[in-house]
Structures are given as C-alpha cells and as structure tokens.
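Observations on the three-dimensional arrangement
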Amino acid sequence: MRGVLVVAIVLAAVGLPPAAPVLAAERSPGIHVRDGRIVEANGSDLVLRGMNHDVMWYPDKSASFAGIKAAGANAARLPLGMGHQWREAKPAEVASLVKLCEVNRLICIFDAHDTTGFGQDKKAATMAQAVRYWLGLRDVLVGHEDHVIINIANEPFGNGATMPWAQQTSDAIRTLRAAGLRHMLMVGAPGWGQDESFVMRDQAEQVVAADPDANTAFDIHMYGQFNNAAKVNSYLSSFTKRRLPILVGEFSGEHQWGDPDEDAIMAYAEAHELGYFGWSWSGNDKQYSYLDLVHNFDPASRTAWGQRFISGPNGLDTDTREATVFRNGTAVDRRSRAPQGLVVSDVTNASVTLRWQRRPGSVGGTTYQVVALSGATESRVLTTGATSATIRNLKGSTEYAYAVYSRDLLGKRSPRSALVYAVTPPAS
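Now for a quick tour of the structure. Predicted, not measured: the structure shown is a model, and the values here were computed from it.

On to unusual backbone geometry, then. That bond from Trp279 to Ser280 is cis: its omega, -15°, falls within 30 degrees of zero. Mapping Ser280 onto the fold places it in the loop between strand S10 (276–278) and helix H10 (304–311). Phi at Phe297 takes a positive value of approximately 65°, unusual for a residue other than glycine. Judged by its relative accessible area of 13%, Phe297 is buried.

Structural data, given as structure tokens:
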C-alpha cells in the first residue's frame, strides 16, 4: 500500500487525481524489456536505429519520415515541445506523428524536450511538468504500445553530482504507470544528457526498481564527453554487463564542445547490438550545420556526416532490421533456404575463419549473422554483408561450434545453417 500512497502523492503534486496502480499481471502488451534487451510484443529482438528529426521546429517537414525510412532507419526519435521552452506539440499533432510513423513503418520515440539542462538553464521545465505533459497525451498514445516509446525527459538536468535525478525519475515512472501508460519508458541522462558525473550509471538499478512493469530503458547522449573508445566502451559496458537496456539517443561526428568518437560508438553498438540515433536529419542552425545528416531535408543529398552515419563502418545500413510489427508473419522466414556450404579454414590458436555460399536469389541488403553454440545455447558473434568472417580472441586447445543465418533487407531471418566445428591448437 505504501507504493500506492507514493503514486497518489506524486499525482497530486502535478495536480492530477490518483489512479489505480498497474498490476504485475498487466504488463506492457507492446515493446518491452526482457533480460536486459529491448524486444517486441512477439519477443523479437528490437535494435532501434535511426535519426533524430526536429519536428518541434519543422512541423511542415512530414516528407522527412519517408526519407528517414529510405535511408535504412527502423525508428525515429522525435523531440516534442511542451510549451515551456518551445512550441507545444498538442494531442492532434502528436496523433498525426504517430500516424506518420505507422505509414512509414518506423518505431516512434517521443521525447519531452523542454527539460533540457534543468538546474543550469533557467528556461528548462521540471520533470513534474514533463510528466503532466505526457498525461495530457495519454489518449493519443494508449493503444500504440507496440510502436511508440515514451522518452520521459530530454537531458533532464545540467551538470552536477548531487541532483535528485533518481528520485524524480522514479516518481515520474510511478506516476505514468499509475495513469495507465503501459509503453516502454526511456529515461534520459543528466549532465546535459552525457551523465558527466555518472549519476545515471550509478543509480540505474534504483530507477529500474521503481517501474512496476519492469519496462524502462536508458538513453545516453554521446558528444564531447565521449571522445575516445575507452570512455565509450567503459560507459556502455557498465550497463550491458548488468543487463540494463541502454541506447545512444543522440551522437554526432563532431561537436562544438569536444570531438565525439563516432567510430567507437557505432562499433560498440554493432558488436553488442545496441540502438543508436544520429543527431539529426536536417535543419540545424547554420553554425551547427555539421550536425545535419542531409542538406536542406533532401534525402538524396547527404552531408559528410550523413555518409558516415548511414553507409560508413557499422553504419545504419550495416544491420538495421525493420520491426516485425510492420511485417506479416514472424521474424523467421521458413521459405528461404539456410546458408549452404559453411566451412572452417585458417584455424589458429586464437582465431577461426568461416566461409559460406551466398544465399540463392539474394539481392542487395542481405546480411549474415554468425552464431556460436554451446549445447542448446546460441550466442551472437558478428554480422556481416560478406560470405566469410574471421572470429578472433579465441582460446587455444578449445572446440568451438558455429552456424550462420541470413537476413534479407526487411530483416527476415532464414533457418540456421548446418553446424561446423573447429578445434584450436594449443597456444605457443
């Protein structure tokens, strides 16, 4: 009962009547967290990748959704103004954005943007104001849990180590759940989104425990604070090792305050199958035009950052798969033949090379996923567009088993290939 009382107090604090708590048996029918991963309602793994699109500044650029989809995204992160710092996106407009995402087969991540830098930016809104904004959108969001995610507050505090981020975020989660919002919730990092004092990193479990639906993920923004691979890997691995779901909600190739290591960000995300979102599609102020992915909202005119983000190493077109909610059938395409001719070659005490035949009838966009097997347990090793792969950092005098899946442009996965085995020689 104490939890119900806390929720009632928080609701009263934002001027709203108490609501019945969500019961554990009624957990989210849509996108949700399972064992530290973001998955769809049907259990399919969902690696969210796409662009931020500034709908609060450019509400007339609805054609951008088709361009974002054509570039290979499976999701779009959409900043919404609350009427505090920026123009308010009212329910009718948000409903139209949901529809645009559906038509273009994109997962929508909405964030309340006016909270940016609270405590240092005097114009910023509070977390409680963000909660009240979401409750005002309840009627247009309910029923879309399988393709809409609520990013509660963008960069909700400025820098500092003593801010009440965990308590206010936990209260926000409880209030939204009590009001019947069952969507996956995403919480933003303080420190202008970069968690400069590691507040989110160190208090993440406390926030997860506040969600009765156990359906909260974390959003880190990686700009100048993350200027080398060591910082990127250390921060992200602190979440993945604890099985806490995280994605990079914003990052860029350069920034006015430091030089982000975009190569490390994208490499880690690809290796661990984490989501990421580039900032941003187009329309940044002239002095920040280096942040634009395309020139003047033209999908056919990519900037240098756009080329890197979309087509560079570990870029958007490497392994981004459309959400199964927008497709018929399941994520496994039983009509397509498993990869054939898988063989082992070039075995050393620390590496193995696998080769296989290209899937018959495959076209551009086909990728292959290599998995390792230990008994009945299957684990992802790597994804590639080639028909060979070298697996490194193995142990000597050890037997390994591998197989390969193919995925088409829409992410449909073939049956698994036959197994192959490799025994590494002793280390010298």
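Before going further, it helps to spend a moment on the layout of surface pockets. Gaps left between atoms are located by rolling a probe of water-molecule size over the structure's atoms. The space that makes up the second largest pocket amounts to roughly 890 Å³. What lines the second largest pocket is a set of 30 residues, and nearest its centre among them are Glu155, His255, Gln256, Trp257 and Trp279. Residue composition of the lining of the second largest pocket, by class: ten nonpolar, 13 polar and seven charged.

On to the side chain of Thr320. Relative to the assigned elements, Thr320 resides in the loop between helix H11 (316–319) and strand S11 (343–345). At a separation of 2.4 Å, a polar atom in the side chain of Thr320 contacts the main-chain carbonyl oxygen of Leu316.

All right, on to the environment of Glu155 then. Among the structural elements, Glu155 can be located in the loop between strand S6 (148–151) and helix H6 (165–178). Excluding residues that lie within four positions of it along the chain, Glu155 makes contacts with Thr115, Thr116, Gly117, Phe118, Ala189, Trp192, Gly193, His221 and Glu250.

So, about the nonpolar core. Formed by 76 residues in total, the largest nonpolar core has its most connected members in Phe110, Trp134 and Ile152. Broken down by element, the residue count for this core peaks at six residues, all from helix H4 (residues 127–136). With near-sequence residues (within four places) excluded, Ile152 lies in contact with Ala112, Met127, Ala130, Trp134, Ala172, Ile173, Leu176, Leu185, Met186 and Val187. By size, the runner-up hydrophobic cluster in this structure holds 16 residues, among which are Leu46, Met186, Leu247 and Phe277.

For side chains of opposite charge, pairing can occur when their charged atoms come near one another. By the definition in use, this model includes 23 salt bridges. The partner of Asp35 in a salt bridge is Arg243, with the nearest N and O atoms 3.2 Å apart. Of this pair, Asp35 sits in the loop between strand S1 (32–34) and strand S2 (37–39) while Arg243 sits in the loop between helix H8 (229–240) and strand S9 (246–251); the two residues are 208 residues apart in sequence, bridging distant segments of the chain. The exposed category is assigned to Asp35, whose relative accessible area is 53%. Residue classification places Arg243 among the exposed residues on the basis of a relative accessible area of 53%. We note a salt bridge from Arg177 to Asp213, for which the minimum N-O separation is 3.8 Å. Placement of the pair is Arg177 in helix H6 and Asp213 in the loop between helix H7 (199–209) and strand S8 (216–222), with a sequence separation of 36 residues. Across the pair, exposure class does not vary: Arg177 and Asp213 are buried alike.

Here we come to the sheet that holds S10. Around the barrel, eight strands lie side by side as S3-S4-S5-S6-S7-S8-S9-S10; this closed barrel has parallel pairing. Ignoring strand direction, the axes of neighbouring strands in this sheet form an average angle of 25°. The pairing of strand S3 (residues 49–52) with strand S4 (residues 75–80) spans three bridges and is classified as parallel. Bridge assignment links Asn52 to a residue of S4, and that residue is Arg77. Across the face of the sheet, H6 comes into contact with strand S7 (185–188) and S8 while running at roughly 160° to S7. Lying over the sheet, helix H9 (residues 262–272) contacts S3, S8, S9 and S10, oriented at roughly 155° with respect to S9.

Attention now goes to the state of the cysteines. For the structure shown, the criterion picks out one disulfide. Through a disulfide, Cys101 is tied to Cys108; the S-S separation comes to 1.9 Å. On the sign convention where negative is left-handed, the bridge of Cys101 and Cys108, at about 85° about the S-S bond, is right-handed. Each member of the pair, Cys101 together with Cys108, is buried.

With their axes 11 Å apart at the nearest point, H7 and H8 run at an angle of 5° to one another. By the criterion of interaxial angle, the relationship of H7 to H8 is roughly parallel. Judged by residue contacts, Met200, Arg201 and Ala204 of H7 engage Tyr235, Ser238 and Phe239 from H8. The residue inventory of the contact of H7 with H8, partitioned by class, reads four nonpolar, one polar and one charged.

Let us now look at the sheet that holds strand S12 (residues 352–355). Spatial strand order, S11-S12-S15: three strands in an open sheet with antiparallel pairing. In the strand order of this sheet, the two ends are held by S11 and strand S15 (388–391), each with one partner. When strand polarity is set aside, the average angle formed by the axes of neighbouring strands in this sheet is 25°. Both S11 and S12 contribute to a ladder of three bridges, which runs antiparallel. In the sheet register, Val343 faces S12, and the bridge partner there is Arg355.

Definitions and cut-offs
Residues numbered from 1 in each chain as written. Predicted model: local features only at pLDDT ≥ 70, side-chain atom pairs only at ≥ 80, totals over all residues. Heavy atoms only, no water. Helix = DSSP H or I, 4+ residues; strand = E, 2+ residues; numbered from the N terminus. Buried < 20%, exposed > 50% of the residue type's maximum accessible area, 1.4 Å probe, protein only. 1 Å grid on protein atoms, 1.4 Å probe; cavity = no way out; pocket = protein on both sides within 12 Å on 5 of 7 lines; lining within 4 Å. Points joined across faces, edges and corners; volume = space filled by probe spheres on them. Nonpolar A, V, L, I, M, F, W, Y, C, P; charged D, E, K, R; others polar. Polar contact = N/O pair within 3.5 Å; in protein donor to acceptor, adjacent residues only side chain to side chain. Contact = heavy atoms within 4.5 Å. Core = buried A, V, L, I, M, F, W, Y, C linked by side-chain atoms within 4.5 Å. Salt bridge = Lys/Arg side-chain N within 4 Å of Asp/Glu carboxyl O. Pairing = 2+ DSSP bridges. Axes fitted to C-alpha atoms, helices over the stretch in contact; angles between N-to-C directions. Disulfide = S-S within 2.5 Å. Parallel < 35°, antiparallel > 145°, perpendicular 65-115°, else oblique.

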